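Structural description and commentary
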Amino acid sequence: LSTAMPGDVPPYPSIDIASADASAAPGTNSIEVGGLSSRELLTGIRIVAERGLSGFDVVEVAPTWDTVSRTTATRAARAIAEALATLAAPAAGRR
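Residues numbered from 1 in each chain as written. Predicted model: local features only at pLDDT ≥ 70, side-chain atom pairs only at ≥ 80, totals over all residues. Heavy atoms only, no water.

Turning our attention to the nonpolar core. With 13 residues, the main nonpolar core has Ile15, Ile17, Ala25, Leu41, Ile45, Leu53 and Ala83 as its most contacted residues. Breaking this core down by element, the ones donating at least two residues are helix H1 (38-49) and helix H2 (71-88). Residue contributions to this core peak at 5 residues, all from H1. When near neighbours in sequence (up to four residues on either side) are disregarded, Leu53 contacts Pro10, Pro11, Pro13, Val48, Ala83 and Leu87. (Core = buried A, V, L, I, M, F, W, Y, C linked by side-chain atoms within 4.5 Å. Buried < 20%, exposed > 50% of the residue type's maximum accessible area, 1.4 Å probe, protein only. Helix = DSSP H or I, 4+ residues; strand = E, 2+ residues; numbered from the N terminus. Contact = heavy atoms within 4.5 Å.)

See the structure below:
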């Protein structure tokens, strides 16, 4: 990450939910068989967010193609919550 993000400039990650495995995120316009597991996605978000963020977004969520239980929307919301929790952890005295 230090090569991709030199200096003190915090990153602006854009998470494409289509990068998640099709079983974890079927509600997108281009499913990825063999994509990232939920654990891999959340771990990646934690690693990037530890340095702070200048912004964050999640793209490619297509509610009309999602399951009845809103699997993809839930994954996207969890990604956002994970980024915010990682940013808040140092202020709360946690790492």
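Looking at where Thr86 falls in the secondary structure, it is placed in helix H2. The exposure class assigned to Thr86 is buried, which follows from its relative accessible area of 14%. Contacts of Thr86, omitting those with residues within four sequence positions, involve Arg46, Ala49 and Glu50.

Further remarks concern the pattern of salt bridges. Per the counting criterion, the structure on display carries 2 salt bridges. Among the salt bridges present, the one from Arg46 reaches Glu82, with a minimum N-O distance of 2.6 Å. In this pair, Arg46 sits in helix H1 while Glu82 sits in helix H2, placing the two residues 36 residues apart along the sequence. Arg78 is the partner of Glu82 in a salt bridge, and the nearest nitrogen-oxygen pair spans 3.0 Å. Highlighted residues: Glu82 and Arg78, both in helix H2, separated by 4 residues, approximately one helical turn. Taken together, the salt bridges that share partners define one network made up of Arg46, Arg78 and Glu82. (Salt bridge = Lys/Arg side-chain N within 4 Å of Asp/Glu carboxyl O.)

Moving on, we get to the confidence of the model for the protein chain. Here the protein chain averages 88 in pLDDT, and 92% of its residues register 70 or above. Ranking the elements of the protein chain by mean pLDDT puts H1 last with 92 and strand E2 (residues 57-59) first with 95. (pLDDT = per-residue confidence, 0-100.)

Further remarks concern unusual backbone geometry. Apart from glycine, the bulk of residues carry a negative phi angle, and the bulk of peptide bonds sit in the trans form. Even without a glycine there, the phi angle at Glu60 is positive, about 75°. Turning to its location among the elements, Glu60 is positioned in the loop between E2 and H2. Positive phi outside glycine occurs at Arg70, with the angle close to 60°. Relative to the helices and strands, Arg70 resides in the loop between E2 and H2. Its relative accessible area of 42% is what places Arg70 among the partly exposed residues.

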